[in-house]
Amino acid sequence: MAAKLKSRLYCSAAVALFACVGSAQAQEMETVVVTGQRAAIESAIAIKQKAEVIVDSVSAEDVGKLPDNSITEVLQRVPGVNITKLQVGGSSENYLGEGTNISIRGLTSTVSLLNGRDSFSAANGRNLAWEDIPPELAQGIDVYKSLSATLPEGGFGGVVNLRTRQPFDFDGLTASVTLTGNYADWSHKGHLGGVGMISDRWQTKIGEIGLLLNVAYSDLSTKADGVQILPYFPAVYNPTYTASHNATLPSLSDAGSTEVYVPNGFGFNRRVDDRTRIGLYAAAQWRPNETLLIGLTAFQSRYTMNDAFHGLFLGSGTQAVLGPNSTNTFDSDGNLTYTSGLADFMYGTTAAGITNPNAWAYQPIPYNNTTTYQHDVNTTTDIALTADWHPNDKFSANVALQYVDSSAKSDYNSAGFYEFINGLGLQLTSYGDESLPKVIQAETMADLSNPAYYGWLETMPHRLHNYGREAAIYIDTVYNVSDTGFLRQIRSGLKLTYRNERDKETNWNYKQLAPYWGSTYHYASDDPKKATLVDLSDLFNGDVGIPKAFWFPSFDAIKDPVALQNAYGTSGYTSDQILANLNNDTLAKLSESTFTAYAMATFAKDDFFIPISGNIGFRVVTYRDHASGYRWTPLLEAVSIENIVDGSGNWLAPKLNAPMQRTTVSGGRTQTDVLPSVNLQAQITPELKARFAFSQAVNRPTFAQMNPRGFVSGTYVGTYDAYFNGNWGNPNLKPEKAEQLDVSLEYYFASGGMVHVSGFWKQIHNMISTTQQAEPTTFSASWAGLTNPTLWQPGDPTAATLCTGAAAAMTCTVTASITEYFNEKQMARIDGFEIGLQKYASFLPDPFDGLGLDFNYTYIDSQQPGALAYDMKGAPISGLPVTGLSKNTINIAGMYDKGPLSLRVAYNWRSDFLASTAAWQTSGTYNYINNINFGGNTVGKVTTFALPVYQYAVGTLDANVTYNLTDNVSWTLEASNLTRSVTRLYMMEGYTSSGKERLFNRSWYLADTRYTSQIRVKF
């Protein structure tokens, strides 16, 4: 009796499909009952063994046992699944603490399902943002790696299905409560959380009824330090230049000059994130008779993130140079390794700290001390009504009505100081060296504790509010043809969906306050209450050499950019102009409707010399996408232009008046795809199974990729600065389409456990990628003092006209560097293999029979010939791999389960991978000026660069221990990031004259080790 009760309790605890396979045999034989994570692993193995497609699963017990705080982090334990903790690209480079951006076998083209139905987050485009979902609400997670006609079409990377608990999963009244406390050792913050679940079922006059309620609350803090090196720009170095050359830049034509590569600056930052996540889930089931089951589920996840950031960015406002009389060393390829005098060459004003006012000269490089605060709230609600009808043994049908509502809100505020620090030196590290770069401080420096040394520079608020809804109808039928013949089942179904989204996003509304290049200056000492002295002496454990403390704008001050502008900037701006309030001018409208039909036949030949089974089918998908939104040019009204010639050859320095202009852009696509699939299994022996799968799939662009909204910004066109920059989406993107083959060989041990090896091959057409490209951008402008309205761009005046037309109504065209999505013209290819072992050493004597091993290794090779990247001189870079794909990934976990004790130590390692070719600070335009002269003035050649940025190999170690104090009470201690691994990036800037890759370290990030303690009580 005790063994039966134990079996029932632990099978309920695992609550995963097939979790209790073989439990009746275990009861009759009075053998040891498997529990905890061991039962969870065997449950996942049973799912894989019985599945008609290639699938890997994680059970609810796995989710509870691993020291993972999100579904995303759990998924990285699955063979072939990778995550990243860095957000690289767009307008920032952020370490996120928790995992994000899953890829399966190297592809992010995945589909997220909730109980087998599509679901999405307005913060993530087409899929759920898995980091938003409480893992405590999951019964299990299935990762499908091969497709059948019954699975949605968008997942040629893979399909991830989150299964939740149902009342009829339990025999009767079941309840559990978990109290959690976590502590982050670097942020020195601790938080409480908890999970509660209650479920019961009753026999009534109208049939059996079950109800379940699940609530989860999690609160977590993460502290992360970051260091970034900007791209190395080509520059001219002449060691003979002394203080007498203070107002002269060397040229390549000068005796002794050589071209070298010098970083344009560097930055240090500290980010503290406070994340809360609330999950609510309710389920009801009603079985009025033996043929009908009606269910209702309601799921809601609310994710809140508060991000506080202090960034110390030191970079040239133009292009960094090596000061005269400085000491410099270079490697054999001309790359800077040490300097005692990194400087700027610009026109000096009378702002505090500038050493050569009112002249073009070498000046100290300005520091930019930025404070940002971002408040994000993402909410997703999913409600589904289902009916399962089984009128007889031959036919069954399932009907589901689903409604999804999702919103994503983000309020971002930023403001910055500037200050100049003379005599700045820098010790750099070479590619592959894990060491940090170090600042070399001059013996005499300005008093950085004095707020009068810090000037108010700018504000930049940003607002986002995305709101999406989807309604869907699913109808699926199964007809059982035969239990013994070759044709076993005919499955068919229809799916109709309509989704619309209203996305409001303001521009990154940069506004100058009192910059050092102006004539009026305001300093932090004007109102010390608006500033905060921040101690950064322990940044990266004090290993970067920066001064101890700096003044930053206070968090309270940056939340009111209107007040800052009125106090220190240009008065008269409205609240809309400063705060960039959300209104219809910022609206993008997106919609999608789909009609899907599928048919699939399953077959089996049990009396064949090797028993075979499988399915063959097709899926027909018709969809219509549409997107519209506004593009703004330019963002700032005053556009300064230097070294311009008019039609008579006269050099001018006009300042154009170019108010913001709005253009409506729309587009869309209607398409029908027929997608075949076949899955074949061969039962070679009772323990050995082989699989083969082929399918075609499409992946439609996300709403974020289709959103045409965007902007072009720029305030200056001249000798040293870039032109204009911007970004926007592409409403006319084609869907990606792939053909894929999968094979697998799986051996299932009679005593439990499995070993498998699988291979895969994919080719992808129309792959969607991101790049930075130079594109002409036109806007209207006026200049009252201009008599001849024909203006030329810098460079050869015969190349292009900048502005034409009457002076009061000119049309100007500039070259803008635009970050945008595009379809690659060449096919991408991915192939590789996986091996895995899950096994407990039941063959060993007691107590060693509790030892276990969970191991998997994935190898992936790829080619992405259509990817666009450009080196620092604008030359294309080819031969890139698929973005986000590591060639080698290893997961290994040592386990012990015996009696009341359960242990697990898990290590995850992945090799280098390409993170982006259009990342923050590593793409854009600049004027290459090393040896170009025209008309007696130095002018530049506009050069667009978009550098491939890679993440170095990284591994993390996590561990946990669980002890069952009683049959119903357990205690768990978990630890994650025990190795305090440093996440590092590097950038590829092209090739040397000898053909060697020019590689440089880019970034370093370090975050907390996290500890969690849990008490669980089951009733």
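How each quantity is defined
Residues numbered from 1 in each chain as written. Predicted model: local features only at pLDDT ≥ 70, side-chain atom pairs only at ≥ 80, totals over all residues. Heavy atoms only, no water. UniProt positions renumbered as here; feature names shortened; annotations may be inferred. Helix = DSSP H or I, 4+ residues; strand = E, 2+ residues; numbered from the N terminus. Buried < 20%, exposed > 50% of the residue type's maximum accessible area, 1.4 Å probe, protein only. Contact = heavy atoms within 4.5 Å. Areas by Shrake-Rupley, 256 points an atom, 1.4 Å probe, with all protein chains shown as cover. Core = buried A, V, L, I, M, F, W, Y, C linked by side-chain atoms within 4.5 Å. Salt bridge = Lys/Arg side-chain N within 4 Å of Asp/Glu carboxyl O. 1 Å grid on protein atoms, 1.4 Å probe; cavity = no way out; pocket = protein on both sides within 12 Å on 5 of 7 lines; lining within 4 Å. Points joined across faces, edges and corners; volume = space filled by probe spheres on them. Nonpolar A, V, L, I, M, F, W, Y, C, P; charged D, E, K, R; others polar. Pairing = 2+ DSSP bridges.

The name given to the chain in an unreviewed UniProt entry is TonB-dependent receptor, with Rhizomicrobium electricum as the source organism. According to the UniProt record, the Subcellular location (unreviewed entry) comment for the chain reads "Cell outer membrane". In its Sequence similarities (unreviewed entry) section, the UniProt entry covering the chain states "Belongs to the TonB-dependent receptor family."

Peer 1: Any chance you could explain the overall build of the chain here in plain terms?
Peer 2: For the chain, the helix and strand inventory stands at 9 helices and 61 strands. Within the span of the chain, comprising 1019 residues, buried residues form 58% of the whole. Nonlocal contacts in the chain, meaning residues at least 24 apart in sequence, comprise 75% of its contacts between residues at least 6 apart. Carbon and sulfur atoms form 56% of the exposed surface of the chain, whose accessible area is close to 38800 Å².

Peer 1: Explain the nonpolar core here, please?
Peer 2: Across soluble globular proteins, nonpolar side chains show a tendency to be buried alongside one another. Membership of the largest hydrophobic core comes to 64 residues, with the highest contact counts inside it found for F266, F268, Y454, F540, V544, I546 and F550. Counting residues per element, this core draws most heavily on strand β60 (residues 997-1007), at 5 residues. With residues near it in sequence (within four places) discarded, F550 still touches L312, Y367, N369, E419, I421, L448, Y454, T532, L533, V534 and L536. In this structure, L75, I83, L114 and A138 belong to the second largest nonpolar core, which totals 27 residues.

Peer 1: Got a minute to help me understand the pattern of salt bridges in this structure?
Peer 2: Side chains that differ in charge, positive against negative, can pair when their charged atoms come close. Tallied over the entire structure, the rule returns 30 salt bridges. Note that E153 and R700 form a salt bridge whose closest N and O atoms lie 3.3 Å from each other. In this pair, E153 sits in the loop between β6 (138-144) and β7 (158-164) while R700 sits in the loop between β37 (688-699) and α9 (703-706), placing the two residues 547 residues apart along the sequence. A relative accessible area of 10% places R700 in the buried class. With a closest N to O distance of 2.1 Å, R829 and D831 form a salt bridge.

Peer 1: What is the right way to look at empty space enclosed by the protein in this model?
Peer 2: Over the atoms rolls a probe the size of a water molecule, and in doing so it shows where empty space is left. Tallied over the full model, the rule gives 9 cavities of 30 Å³ or more. Volume-wise, the second largest cavity comes out at about 310 Å³. Looking at the lining of the second largest cavity, the elements that each hand over two or more residues are α3 (36-50), β1 (55-59), β42 (754-765), β47 (828-840), β48 (851-863), β49 (888-898) and β50 (901-910). Residues that form the lining of the second largest cavity fall into these classes: 15 nonpolar, 6 polar and 6 charged.

Peer 1: Honestly, unusual backbone geometry in this entry has me stumped. Any pointers?
Peer 2: Trans is the common state for peptide bonds, and a negative phi is the common state for residues other than glycine. In this model, D846 is joined to P847 through a cis peptide bond whose omega is 5°. Positionally, P847 belongs in the loop between β47 and β48. Of note, N325 is a non-glycine position whose phi angle comes to about 70°, a positive value. For N325, the position within the fold is in the loop between β15 (321-322) and β16 (328-330). Taking the relative accessible area as the measure of exposure, N325 reaches 54% and is therefore exposed.

Peer 1: Explanation requested: the sheet that holds strand β5 (residues 117-118) in the structure shown.
Peer 2: Sheet strands pair via backbone hydrogen bonds, and the direction of the pair is either parallel or antiparallel. Pairing within the open sheet is mixed, and its 5 strands lie in the order β1-β6-β7-β4-β5. Among the strands making up the open sheet, the edge pair consists of β1 and β5.

Peer 1: In this structure, what is going on with the environment of V272? I would like to understand it.
Peer 2: Mapped onto the fold, V272 is located in strand β13 (residues 265-289). Sequence-distant contacts of V272, defined by excluding residues within four places in its chain, comprise K189, T222, K223, N306, D307 and A308.

Peer 1: Can you help me understand the sheet that holds β15 in this one?
Peer 2: Pairing in this open sheet of 3 strands is antiparallel, and the strands run β15-β18-β19 from one edge to the other. Strand pairing shows two members of the sheet lacking a second neighbour, β15 and β19 (360-364), which therefore form its edges. Where β15 lies against strand β18 (residues 342-347), 2 bridges are found, and the strand directions are antiparallel. Bridge pairing in β18 links V321 to A343.

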